[in-house]
Amino acid sequence: MPLEILTIPCLSDNYAFLAHDAASGETALVDAPEAGPILAALKDKGWSLSHVLLTHHHWDHVDGLPGILEHHKPKVIGAKADAHRLPPLDLAVAEGDRFEIGGAPVHVYDVSGHTVGHIAFYLPDSAAVFTADSLMALGCGRLFEGTPDQMWASLSKLAALPPETTVYSGHEYTQSNGRFALTIEPDNAELISRTEAIARDRASNIPTVPSQLSLELATNPFLRAHLPGVQRNLGMQGAEPARVFAEIRARKDKF
Ligand code: ZN
Ligand code: FE
């Protein structure tokens, strides 16, 4: 059975997620930007937290945890590589590790780049992946700690998941990501119609997260550095995809 997944807007542009298994009553939180909206969503649903999954150490993904732990006693799960700079972990995990939420398997991927030690959580039974600041809707996280090669390798792992996977990323940056994406692929028809849909959604304050991996593969420039059309637009025909990715990321940093 797929889990019921709720998207919870937090702070000014962050998202947290609750994943609930009706049969067991187990509920996992993915990232803790701030306690208030997460506690309110749990109360509203009548759910109690069994797990907290932390993607990376940045404050806007962990600072809500102490306030949540005043009301719930979940098992806190995060990257072994980051145990020294994450809140205290009950389970420290690394690439290839698996655990369960309500009997549903969760696969851990190392998606370093934005930070070193950033992890993603893939739930095959729910066709869901929680990517935070690695793969984002129409974008990817800025490279604060990792290298372009590392991020390209991380994004390539996520790109290889089934295309029907739903991508739950960490921020509402999609509209500005779209404006940038159009500078890389101004003639990409799917990108043009996606940016129009995003503009309509944002005008009504509708979240653009989550998104479908198939749509990211068709429109997200950071997943498309290996494609001849993108390389031609950048004057980088035949270049290593990681170099093309590095150029796209550098342009975005200055956009
Ligand atoms: Zn971050
Ligand atoms: Fe963030």
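Here, the structure is the one placed above.
Residues numbered from 1 in each chain as written. Chains lettered and ligands numbered in written order. Predicted model: local features only at pLDDT ≥ 70, side-chain atom pairs only at ≥ 80, totals over all residues. Heavy atoms only, no water.

### Overview of helix α1 (residues 35-45)
- Considered for burial, the residues of α1 that qualify are A35, I38, L39, A41 and L42. Summarising the axial view, the buried residues of α1 lie within an arc of 160°, below the 170-degree limit, and thus occupy one face. Along α1, exposed side chains directed more than 90 degrees from the buried face belong to K43 and D44.
- Summarising the contacts, the buried residues of α1 are in contact with β1 (4-10), β2 (14-20), β3 (27-30) and α3 (65-69).
- Positioned one or two residues after α1, G46 has a phi angle of 75°, which is positive. (Buried < 20%, exposed > 50% of the residue type's maximum accessible area, 1.4 Å probe, protein only. Helix = DSSP H or I, 4+ residues; strand = E, 2+ residues; numbered from the N terminus. Arc of directions from axis to C-beta. Contact = heavy atoms within 4.5 Å.)

### Comments concerning the sheet that holds strand β7 (residues 98-101)
- As summarised here, the arrangement of the six strands in space is β7-β8-β9-β10-β13-β14, forming an open sheet in which the pairing is mixed. Strands at the two margins of the open sheet, each flanked by one partner only, are β7 and β14 (211-212).
- The sheet contact formed by strand β13 (residues 166-169) and β14 spans two bridges and is antiparallel. Bridge assignment links V167 to a residue of β14, and that residue is S211.
- Of the strands in this sheet, β8 (104-110), β9 (119-123) and β10 (128-132) touch helix α4 (residues 148-159), which is tilted by about 155° from β8. (Pairing = 2+ DSSP bridges. Axes fitted to C-alpha atoms, helices over the stretch in contact; angles between N-to-C directions.)

### Re the pattern of salt bridges
- This structure, assessed with the given rule, holds 11 salt bridges.
- For D253, the salt bridge goes to R142, with nearest N and O atoms at 3.7 Å. Here D253, found in helix α9 (residues 241-254), pairs with R142, found in the loop between β12 (139-140) and α4; they are 111 residues apart in sequence, far enough to count as distant.
- Among the salt bridges present, the one from D253 reaches R249, with a minimum N-O distance of 2.7 Å. With a gap of four residues between them, D253 and R249 both fall in helix α9, about one helical turn apart.
- The class for R249 is buried, based on a relative accessible area of 4%.
- A single salt-bridge network, built from bridges that share partners, covers D82, R85 and E145. (Salt bridge = Lys/Arg side-chain N within 4 Å of Asp/Glu carboxyl O.)

### Thoughts on empty space enclosed by the protein
- What the rule picks out here adds up to one cavity of 30 Å³ or more.
- As a volume, the largest cavity reaches approximately 30 Å³.
- Forming the boundary of the largest cavity are Y15, F17, V30, D31, T55, F130, T131, A132, Y168 and G170.
- Broken down by secondary-structure element, the contributors of at least two residues to the lining of the largest cavity are β2 and β10. (1 Å grid on protein atoms, 1.4 Å probe; cavity = no way out; pocket = protein on both sides within 12 Å on 5 of 7 lines; lining within 4 Å. Points joined across faces, edges and corners; volume = space filled by probe spheres on them.)

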